[in-house]
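This is what each chain is made of:
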Amino acid sequence: GLRAKLNRGAKSNLNQAKKQGIAVRLANAEQDIHAYYALYKDTLRRWGDGVLFTYPEELFFTVFRQAGDSIKIWLAEKEGIIVAGAVIFYCNRIVTYWHGASPEDYFHCYPNNMLHMEIIRNAAAAGFHYYDFGPSGGQEGVVRFKKSFGAQELPFISAHRKFR
């Protein structure tokens, strides 16, 4: 199954996330977008000078309001609190992780592990062929995280979407 490519640490982290009660769902209200953006601001603070670029909150609202099934915002929660999120693109049988955010305070619960695993499970069930973790923004911790899922470097395929 899907867990076979995970390294031992990633499997352990998923088990911990389950024990911690991490649940995954799609964003379904504008309040979710505000909460996601707050996580993003915390992520930017943590990365400090390593940040290559930033996005305005309105971009995430535009995606939420207009993207339909081609872009989804996924959230991980613990006891009703949003503790991680990811913006995911769906195109040509490829699911692409475009953007993510999570506060350091919840890393011990491994919400990102559960978040990505559920996105991958959902995509596989829907007939998608690849999960593209996207670029790592120069963050070594991000590179290690992706490798724990068995990720391999592949040529980049780009797509664009015009919003109304």
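## Thoughts on helix 1 (residues 8-19)
Thought 1: Counted at 1.5 Å a residue, the expected span for helix 1 with its 12 residues is 16 Å, and the 17 Å between its end C-alpha atoms agrees.
Thought 2: Among all positions of helix 1, only Ala10, Asn13, Leu14 and Ala17 are buried. Angular distribution of buried residues about the axis of helix 1 spans 100 degrees; they occupy a single face of the element. Turned more than 90 degrees from where helix 1 packs its buried face, Arg8, Lys18 and Lys19 sit exposed.
Thought 3: Structurally, helix 1 contributes buried residues whose contacts are with helix 4 (111-125) and helix 5 (140-148).
Thought 4: The backbone nitrogen of Gly9 has a side-chain oxygen 3.0 Å away, supplied by the residue at the start of helix 1, namely Asn7.
Thought 5: The positive-phi residue at the C-terminal boundary of helix 1 is Gly21, with phi of around 80 degrees.

## A short note on the packing of aromatic side chains
Thought 1: Applying the stated criterion to the full structure yields 13 aromatic pairs.
Thought 2: When the centroid spacing of 6.4 Å and the interplanar angle of 90 degrees are considered together, the rings of Tyr55 and Phe60 count as edge-to-face.
Thought 3: Note on Tyr55: relative accessible area 21%, which makes it partly exposed.
Thought 4: Among the residues examined, Phe60 registers a relative accessible area of 1% and is labelled buried.

## A closer look at unusual backbone geometry
Thought 1: With phi around 50 degrees, Glu79 is a residue other than glycine that occupies positive phi space.
Thought 2: Looking at where Glu79 falls in the secondary structure, it is placed in the loop between strand 2 (71-78) and strand 3 (81-91).
Thought 3: A relative accessible area of 70% places Glu79 in the exposed class.

The rules behind the values
- Residues numbered from 1 in each chain as written.
- Predicted model: local features only at pLDDT ≥ 70, side-chain atom pairs only at ≥ 80, totals over all residues.
- Heavy atoms only, no water.
- Helix = DSSP H or I, 4+ residues; strand = E, 2+ residues; numbered from the N terminus.
- Expected span 1.5 Å × (residues − 1).
- Buried < 20%, exposed > 50% of the residue type's maximum accessible area, 1.4 Å probe, protein only.
- Arc of directions from axis to C-beta.
- Contact = heavy atoms within 4.5 Å.
- Polar contact = N/O pair within 3.5 Å; in protein donor to acceptor, adjacent residues only side chain to side chain.
- Phe/Tyr/Trp six-rings, centres within 6.5 Å; stacked < 30°, edge-to-face > 60°.

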